[in-house]
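Here is what each chain is made of, one letter per residue.
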Amino acid sequence: MTTIVLTILGVLLVWQVVIRLFRKRYHFPAPAFIGRFLDSDIRREMQPPDKLIERSGIKQGMRVLEVGCGSGAFVTSVARVVGKTGKVYALDIQPAMLRQLKVKLTKPENQDIKNIKLILGSAYKLPFEDNSIDLVYMVTVLQETPDKQKALKEAGRVLKPGGVLAVTEFLPDPDYPLKSTTIKIGEEAGFILDKVLGNFWNYTVRFVKQL
Ligand SMILES: C[S@@+](CC[C@H](N)C(=O)[O-])C[C@H]1O[C@@H](n2cnc3c(N)ncnc32)[C@H](O)[C@@H]1O
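Residues numbered from 1 in each chain as written. Predicted model: local features only at pLDDT ≥ 70, side-chain atom pairs only at ≥ 80, totals over all residues. Heavy atoms only, no water.

Asker: Can you help me understand the pattern of salt bridges in this one?
Answerer: For side chains of opposite charge, pairing can occur when their charged atoms come near one another. A full pass over the atoms with the stated rule returns nine salt bridges. For Glu188, the salt bridge is made with Lys184, and the minimal N-O distance between the two is 3.5 Å. You can see Glu188 and its partner Lys184 sitting in helix H8 (residues 179–188), four residues apart, about one turn around the helix. Residue classification places Lys184 among the exposed residues on the basis of a relative accessible area of 54%. (Salt bridge = Lys/Arg side-chain N within 4 Å of Asp/Glu carboxyl O. Helix = DSSP H or I, 4+ residues; strand = E, 2+ residues; numbered from the N terminus. Buried < 20%, exposed > 50% of the residue type's maximum accessible area, 1.4 Å probe, protein only.)

Pasting the structure below:
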């Protein structure tokens, strides 16, 4: 048993090192085929949407933007929490990711959801007016954007004063950064640190935009 556990840990460690070295050299968005894993039961076990929602501070009636929504692992749960008086904008740079989300939204169990808008776009140029969004959240996305400051400043532009930016990171992600790195990047972009929630492997750093 110990041998099996050590072998699995060893393989995971080598995989992390190899892929991190590779990604240091080559920047590209997570390939769309991993969308199936991202929106799978295993992922939901490891990173439950209700926990993410609670940590991010998502509440009924909010206008919420997910930057880099991928195949939509969290979008439907968020849409149910913000409810009819709220709205969810699900933005991603890859059409193939948004196609997976579109298919998910056509499933019978999601027919009650009418408050999600899918947007093909970039974190660098959000198609929203200044001060128009209550909360922006990103899950395993920020480190994937080569110009993090540009992405965060753009999030800051569209957020209302006092609005929330919630950045969640998750260790199996080969771009996973330490909490201190995420805090530093957010503060450099002019956000005020509000709360750090979760554990080493799976955490959310919540910032607020200055009033
Ligand atoms: C690792 S996936 C995470 C997807 C989703 N947030 C989740 O946790 O299931 C990262 C996503 O960010 C998107 N992405 C990367 N760079 C982006 C950018 N500059 N603007 C918008 N989306 C981006 C990718 O296309 C991909 O869908």
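Asker: What is the right way to read the site of the ligand from this model?
Answerer: Near the ligand lie 23 residues; those nearest to it are Arg43, Gly68, Asp92, Gln94 and Ala123. Between Glu66 and the ligand, the recorded distance is 3.2 Å, taken from a side-chain N or O atom to a nitrogen atom. Between the ligand and the protein, one listed contact pairs a nitrogen atom with a backbone N or O atom of Ile93 at 3.4 Å. Contact with the protein chains removes 97% of the 600 Å² of surface that the ligand exposes when unbound. Taking a 2 Å distance to the grid points as the criterion, the majority of the atoms of the ligand fall inside the largest pocket. Considering only residue class, the shell around the ligand consists of 12 nonpolar, seven polar and four charged. (Near = heavy atom within 4 Å. Polar contact = N/O pair within 3.5 Å; in protein donor to acceptor, adjacent residues only side chain to side chain. Areas by Shrake-Rupley, 256 points an atom, 1.4 Å probe, with all protein chains shown as cover. 1 Å grid on protein atoms, 1.4 Å probe; cavity = no way out; pocket = protein on both sides within 12 Å on 5 of 7 lines; lining within 4 Å. Sits in = over half its atoms within 2 Å of the grid points. Nonpolar A, V, L, I, M, F, W, Y, C, P; charged D, E, K, R; others polar.)

Asker: How do you make sense of the sheet that holds strand E6 (residues 192–198) when you look at a structure like this?
Answerer: With mixed pairing, the seven strands of this open sheet are ordered in space as E3-E2-E1-E4-E5-E7-E6. Only two strands of the sheet have a single partner each, and these edge strands are strand E3 (116–120) and E6. Strand-to-strand twist across the sheet, computed as the mean angle between neighbouring axes with direction ignored, equals 20°. Relative to strand E5 (residues 159–170), strand E4 (residues 133–139) runs parallel, the two being bridged by six bridges. Following the sheet pairing, Ile133 is matched in E5 by Leu159. (Pairing = 2+ DSSP bridges. Axes fitted to C-alpha atoms, helices over the stretch in contact; angles between N-to-C directions.)

Distances and angles like these do not, on their own, reveal function.
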